[in-house]
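Chain residues, written in single-letter form:
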Amino acid sequence: MIRPGSQAGERRGAVVIPLALDETRLIARIVDRDLRAFEQLYRIYQPRLSRFLINILRRPHLVEEALNDTLMVVWKRPEAFNGTSKVSTWIFAIAYRTALKARARNDEPIEDPDAGSRASLEPGPEQELGQRQLQAILSEAMGKLSAEHRAVVDLTYFHEAGYREIAEILDCPVGTVKTRMLHARKRLKDMLADQFGADGW
Amino acid sequence: MVDGIPDDAAAFSEAHRDAQELLAWYVTGKLEADEHARVGAHLSGCADCQRDLAFQRKLEAGIAAMPVDVEQGWSRLRDLAEAEEIPAPAPRGLRFGREQAGYLGWGIAASLAVALGATLMPTAATQLAQNTSADGAYHALGAAPTAAPGNMIVIFRPDVTEAEMRGALRAADARLVDGPTAADAYVLSTPAAKRTAALALLKARHEIVLAEPMDAAAR
């Protein structure tokens, strides 16, 4: 399942969620039009969904709108969550569909021109600069993948979703997820080898 | 191409393809136990996969460390949610026993659109009102910074209807400023010159349990 916080949250600077928090119960409260529950859900998901959406959309100005569109689906139709999947799987699936629609509306494929430089804006100690440069190069390489491949990579490595859950989110066969991951990995390897040399990464 | 090639090249090739497909989730620990064991067994004899594993570990660390660069925007989403007029959904399996009461509470709150604006003086009556923020000062419907301070506190009968509340407020020329507090009290505002008369009127109404004056200090 997609990890709701704890280790992943701490390591990646995302919101750390109390383990006892029951997201299913939050959805039930949202069914009852509890705005406070909706805010809790927002605060849980905003960092992870933003991250997921920016990786698919690659255009920061579209992210907030897509994030709000995603969560407004939850707010308007919380009863659509039928409990057969994790809340996180349901919400990420909505986010994925929302992001693809946003991309279609805004014409493919103008990638974020600043994606490669955003991570290296601030000066700092040498080792941190090196890390930021590495992240910038990685971000640029990710930007050259298709949205579908980026989604698989990000869901796997950042959100720590298993391939079956990713297939649910992307609404595709598990074989497709595996194939996309293989292709994405190969492309990233090739692109990073261009930057760092075959053994430099 | 690999160290320790098994006798059965076809089986190795099949295991290699399987491992390549699953390697990403081997790295993140998201495989089933049998899959994990299968990939692990192949890894021990495949130099290609071992190199790939090292690459993927770096990739995982690099991608996990990429920053999230989006500002918080709850206030904008809250505005959207509040603007959305949605009828109460039919009871479903997900409800937890608060069906009608939950929507009634929301409906009253939304229709009255109260604003919290008073810093209340610590009198006996205002103690009821001070409980308003005891739950963490969340006032989704009260973001207006210029709300009028309240000068009366009332408690309605528990079974009062929204129409009866509205009727009492109109009769007393009072406006709802805040509530319900934790004690189910409401803070009302009425012109200072009319307060005594308003309190007398409210106390006389059958739907009011308590009506007391309350002094508020400007913020």
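Residue numbering note: each chain is counted from 1, following its sequence as written. Each chain is given a letter, starting from A, and each ligand a number, starting from 1, according to the order in which they appear as written. Confidence filtering applies because this is a predicted model: local features only for residues at pLDDT of at least 70, side-chain atom pairs given and counted only at 80 or more, and all residues used for totals across whole chains, interfaces and linings.

Overview of the overall build of chain A
We count a stretch as a helix when DSSP gives it H or I for four or more residues in a row; a strand needs E for two or more, and each element gets its number in order from the N terminus. Tallying secondary structure elements over chain A gives 10 helices and zero strands in all. Beginning at the N terminus, the succession of helices and strands in chain A can be written as α-α-α-α-α-α-α-α-α-α. With C-beta atoms placed from the backbone, a residue is labelled by how many other C-beta atoms lie within 10 Å of its own: buried for 20 or more, exposed for 12 or fewer, partly exposed between the two. Considering chain A as a whole, with its 201 residues, one finds that 46% of them fall into the buried category. Taking the intrachain contacts of chain A between residues at least 6 apart in sequence as the baseline, contacts between residues at least 24 apart amount to 61%. Residues are treated as contacting if the C-beta atoms built from their backbones sit within 7 Å of each other.

Overview of the overall build of chain B
Of regular secondary structure, chain B possesses eight helices and six strands. When the helices and strands of chain B are listed from N to C terminus, the series reads α-α-α-α-α-β-α-β-α-β-β-α-β-β. Counting over 219 residues, chain B shows a buried share of 28%. Nonlocal contacts in chain B, meaning residues at least 24 apart in sequence, comprise 74% of its contacts between residues at least 6 apart.

What about the packing of helix α8 (residues 147-157) of chain A against helix α10 (residues 174-196) of chain A?
Residue and element names in this part refer to chain A. Here α8 crosses α10 at 95°, and the two axes come no closer than 9 Å. When the interaxial angle is binned, α8 and α10 end up roughly perpendicular. In this structure, α8 uses E148, H149, V152, V153 and T156 to contact α10, whose residues at the interface are V177, R180, M181, H183 and A184. Side-chain classes are defined by residue name, with Ala, Val, Leu, Ile, Met, Phe, Trp, Tyr, Cys and Pro counting as nonpolar, Asp, Glu, Lys and Arg as charged, and the others, Gly among them, as polar. Tallied by class, residues from the contact of α8 with α10 come to five nonpolar, three polar and two charged. For helices, the fitted line uses only the C-alpha atoms of the stretch in contact; every axis is such a line through C-alpha atoms, and the angle between N-to-C directions lies from 0 to 180 degrees. Should an angle fall under 35 degrees it is called roughly parallel, over 145 degrees roughly antiparallel, and 65 to 115 degrees roughly perpendicular, with every other angle called oblique.

Notes on helix α4 (residues 60-76) of chain A
Taking 1.5 Å per residue as the helical rise, α4 of chain A with its 17 residues ought to reach 24 Å, and the 25 Å between its terminal C-alpha atoms agrees with that figure. Burial in α4 of chain A covers these residues: L62, V63, A66, L67, N68, D69, T70, L71, V74 and W75 of chain A. In a helix, the anticipated span is given by 1.5 Å times the number of residues less one.

Brief notes about the packing of helix α3 (residues 35-57) of chain A against α4 of chain A
All names here are of chain A. Here α3 crosses α4 at 135°, and the two axes come no closer than 9 Å. Between α3 and α4, the angle falls in the class oblique. Viewed along their axes, α3 and α4 form a crossing whose handedness is right-handed. The segment α3 lies against α4, with F38, L41, Y42, Q46, L49, S50, L53, I54 and L57 engaging P60, L62, V63, A66, L67, T70, L71, V74 and W75. In terms of residue class, the contact of α3 with α4 is made up of 15 nonpolar, three polar and no charged. Left-handed is the label given to a crossing in which the near helix is rotated counterclockwise from the far helix by less than a right angle, and right-handed is the label when the rotation is clockwise.

Quick look at the sheet that holds strand β4 (residues 185-189) of chain B
Residue and element names in this part refer to chain B. Taken together, four strands build an open sheet; the order of strands is β3-β4-β2-β5 and the sheet is antiparallel. The strands lining the two open edges of the sheet, one partner per strand, are β3 (175-178) and β5 (208-213). Averaged over all pairs of adjacent strands, the angle between strand axes in this sheet comes to 35°, irrespective of strand direction. Here five bridges tie strand β2 (residues 152-156) to β5, and the two strands are oriented antiparallel to one another. Bridge pairing in β5 places I153 opposite E212. Should DSSP find at least two bridges between two strands, the strands are regarded as paired.

Structural notes on unusual backbone geometry
Backbone geometry places E160 of chain A, a non-glycine residue, at a positive phi of 55°. Assignment of secondary structure puts E160 of chain A in the loop between α8 and α9 (163-170).

Quick notes on the confidence of the model for chain A
All names here are of chain A. Averaged over every residue, the pLDDT of chain A is 80; residues scoring 70 or more account for 75%. Per residue, pLDDT captures the predictor's confidence, and it can take any value from 0 to 100. By mean pLDDT, the top-scoring element of chain A is α9 (96), and the lowest-scoring one is helix α1 (residues 6-12) (39). Segment residues 5-20 is flagged for pLDDT under 50; beyond a separation of four residues in sequence, or across chains, it makes 25 contacts in the model. Predicted confidence for residues 112-124 stays below pLDDT 50, and this span has 25 contacts to residues more than four positions away or in other chains.

A look at the nonpolar core
Generally speaking, a soluble globular protein has its nonpolar side chains buried in company with each other. The term nonpolar core refers to a set of buried Ala, Val, Leu, Ile, Met, Phe, Trp, Tyr and Cys residues connected through C-beta atoms within 7 Å. Ranked by internal contacts, the top residues of the largest apolar core, which has 71 residues, are L53 and A95 of chain A. Per-element accounting of this core gives the leading share, 11 residues, to α3 of chain A. Not counting residues within four places of it along the chain, the set of residues in contact with L53 of chain A comprises V63, A66, L67, A95 and A99 of chain A. A172, V187, L188 and L199 of chain B belong to the second-largest nonpolar core, a separate cluster that totals 20 residues.

Section: the pairing of β2 of chain B
All names here are of chain B. Here β2 lies mainly inside the structure; four of its five residues are buried. Inspection of the sheet shows β2 paired to β4 by four bridges, in the antiparallel sense. Its bridge partner lying in β4, I155 is registered against A185.

Some thoughts on the environment of L41 of chain A
One can find L41 of chain A in helix α3. Setting aside residues no more than four positions away along its own chain, L41 of chain A makes contact with L26, I30 and V74 of chain A.

Quick word on the environment of N55 of chain A
All names here are of chain A. By the element assignment, N55 lies in helix α3. Given 26 C-beta atoms within a 10 Å radius, N55 is considered buried. Dropping the residues within four chain positions of it, N55 is found in contact with M142, R150 and D154.

Let's talk about the confidence of the model for chain B
Residue and element names in this part refer to chain B. With 62% of its residues at a pLDDT of at least 70, chain B reaches an overall mean of 70. Least confident of the elements in chain B is helix α5 (residues 99-112), whose mean pLDDT is 32; most confident is helix α2 (residues 33-43), at 96. A low-confidence stretch, residues 90-147 stays under pLDDT 50, and its non-local contacts, those more than four residues away or across chains, total 95 contacts. Predicted as a complex, the structure gets a pTM of 0.57 and an ipTM equal to 0.76.

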